[in-house]
Amino acid sequence: MIIKVKKLFTGGITLYPFIFIYGGLKEERLRILINHERIHLRQQLEMLVIPFYIVYLINYLLLLCMYRNHNKAYRNIIFEREAFINEYDLNYLKVRKWWRFLHYIKKPLNYAS
């Protein structure tokens, strides 16, 4: 279920089974962001929701210690990597294999600070 909100600290956030989206986005960005968040819904389902959040937080904290930079740490979380890399492919979830986020453990992305 997608819920548009007037104020949000980010463009969107998924808290199973809800996707909260900032309502002030343009249509094209909205479609891409919803696809990004739907990828997270699939990840959450695969991990039975609660373990997803635990792994997400642990992954973020380890990366934060490694990079000492919030943006780099956030963008390199395995779940975010899968979502960011595939958010423009609106057919991605139709062909995505189960546990595909594991593929993104291999090599960190080099995002600018």
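Every chain is numbered independently, its residues counted from 1 as its sequence is written. Thresholds applied to this predicted model are a pLDDT of at least 70 for local features of residues and 80 or more for the giving and counting of side-chain atom pairs; totals over whole chains, interfaces and linings are not thresholded and use all residues. For the side-chain quantities, the full set of heavy atoms in the structure was used; hydrogens and water were omitted.

Participant: Go over unusual backbone geometry with me, naming the residues and quoting the values.
Facilitator: Comment: phi is negative for the bulk of residues other than glycine, and the bulk of peptide bonds are trans. For the peptide bond that leads from Tyr16 to Pro17, omega is 5 degrees, which places it in the cis range. Positionally, Pro17 belongs in the loop between β2 (12-15) and β3 (18-22). Unlike most non-glycine residues, Leu48 shows phi in positive territory, near 65 degrees. Each helix corresponds to a stretch of at least 4 residues labelled H or I by DSSP, and each strand to a stretch of at least 2 residues labelled E; elements are numbered beginning at the N terminus. Considering the arrangement of structural elements, one finds Leu48 in the loop between α1 (27-46) and α2 (50-67). A 1.4 Å probe rolled over the protein chains alone gives each residue an accessible area, and that area as a share of the maximum for its type sets the label: buried under 20%, exposed over 50%, partly exposed in between. Overall, Leu48 belongs to the exposed group, its relative accessible area being 66%.

Participant: Tell me what's going on with the packing of aromatic side chains, and back it up with residues and numbers.
Facilitator: For any pair of aromatic rings, the description rests on two quantities: the centre-to-centre distance and the angle between the ring planes. Each pair of aromatic rings taken from Phe, Tyr and Trp, with Trp reduced to its six-membered ring, is defined by centres within 6.5 Å and is described as stacked if the planes are under 30 degrees apart, edge-to-face if over 60, and tilted in the remaining cases. On inspection of all chains with the given rule, the structure shows 8 aromatic pairs. Between the aromatic rings of Phe52 and Tyr53, the centroid separation amounts to 5.2 Å while the plane-to-plane angle is 85 degrees, which identifies the pairing as edge-to-face. The class of Phe52 is buried, set by a relative accessible area of 3%. Residues Trp99 and Phe101 carry aromatic rings whose centres are separated by 5.4 Å and whose planes lie at 45 degrees to one another, so their mutual orientation is tilted. Pairwise contacts between aromatic rings join Phe52, Tyr53, Tyr56, Phe79, Trp99 and Phe101 into one cluster.

Participant: Provide a residue-level description of the confidence of the model for the chain, including the pertinent values.
Facilitator: The quantity called pLDDT is the predictor's confidence in a given residue, expressed from 0 to 100. Looking at the chain as a whole, its pLDDT mean stands at 91, while 93% of the residues score no less than 70. Here strand β1 (residues 2-5) stands out as the least confident element of the chain, with mean pLDDT 90; helix α5 (residues 92-95) is the most confident, with 97.

Participant: Before we move on, can you summarise the pairing of β2 with the specific residues and values?
Facilitator: Residue alternation in β2 divides its side chains into a buried set, Gly12 and Thr14, and an unburied set, Ile13 and Leu15. Pairing between two strands requires that DSSP report at least two bridges joining them. Pairing between β2 and β3: 4 bridges, direction antiparallel. Within β3, the position partnered with Leu15 by the bridge is Phe18. Between β2 and β3, which pair antiparallel and follow one another directly, the connecting turn spans 2 residues.

Participant: Quick one: what's the story with the packing of α1 against helix α4 (residues 78-86), residue by residue and with numbers?
Facilitator: Two packed helices can be described by the angle between their axes and the distance between those axes. An axis is simply a line fitted to the C-alpha atoms; with a helix, the fit covers only the stretch in contact. Between two such axes, the angle follows the N-to-C directions and lies from 0 to 180 degrees. Running from N to C, α1 and α4 point in directions that differ by 140 degrees, and their axes come no closer than 9 Å. Judged by the twist between their axes, the crossing of α1 over α4 is right-handed. The segment α1 lies against α4, with Asn35, His36, Ile39, His40 and Gln43 engaging Phe79, Glu80, Glu82, Ala83, Phe84 and Asn86. Residues are grouped as follows: nonpolar covers Ala, Val, Leu, Ile, Met, Phe, Trp, Tyr, Cys and Pro; charged covers Asp, Glu, Lys and Arg; every other residue, Gly included, is treated as polar. Considering only residue class, the contact of α1 with α4 consists of 4 nonpolar, 5 polar and 2 charged. Put simply, a crossing is left-handed when the front helix is turned counterclockwise from the back one by less than a right angle, and right-handed when it is turned clockwise. Any pair of residues with heavy atoms lying within 4.5 Å of one another is described as a contacting pair.

Participant: I'd love a proper account of the side chain of His40, names of residues and values included.
Facilitator: Among the structural elements, His40 can be located in helix α1. A polar contact is formed between the side chain of His40 and the side chain of Gln43, at a distance of 2.7 Å. Among all residues touching His40, those that are not within four sequence positions of it are Thr14, Phe52, Phe79, Glu80 and Ala83. Here a polar contact is taken to be a pair of N or O atoms separated by no more than 3.5 Å, where protein atoms must pair a possible hydrogen donor with a possible acceptor and residues adjacent in sequence count only if both atoms sit in side chains.

Participant: Explain a nonpolar patch on the surface residue by residue, including any values.
Facilitator: Patch criteria: residues need more than 30% relative accessible area and no salt bridge. Like-charged residues are merged within 9 Å; nonpolar side chains of Val, Leu, Ile, Met, Phe, Trp and Tyr are merged within 5 Å. Note that accessible areas follow from Shrake-Rupley with a 1.4 Å probe, and for residues the cover is restricted to the protein chains shown. Any carboxyl oxygen of Asp or Glu that lies within 4 Å of a side-chain nitrogen of Lys or Arg is treated as forming a salt bridge with it. Side chains of Ile50, Ile54, Ile58 and Leu62 sit close together on the surface and give an oily, nonpolar patch of about 410 Å² of accessible area. Within the secondary structure, Leu62 sits in helix α2.

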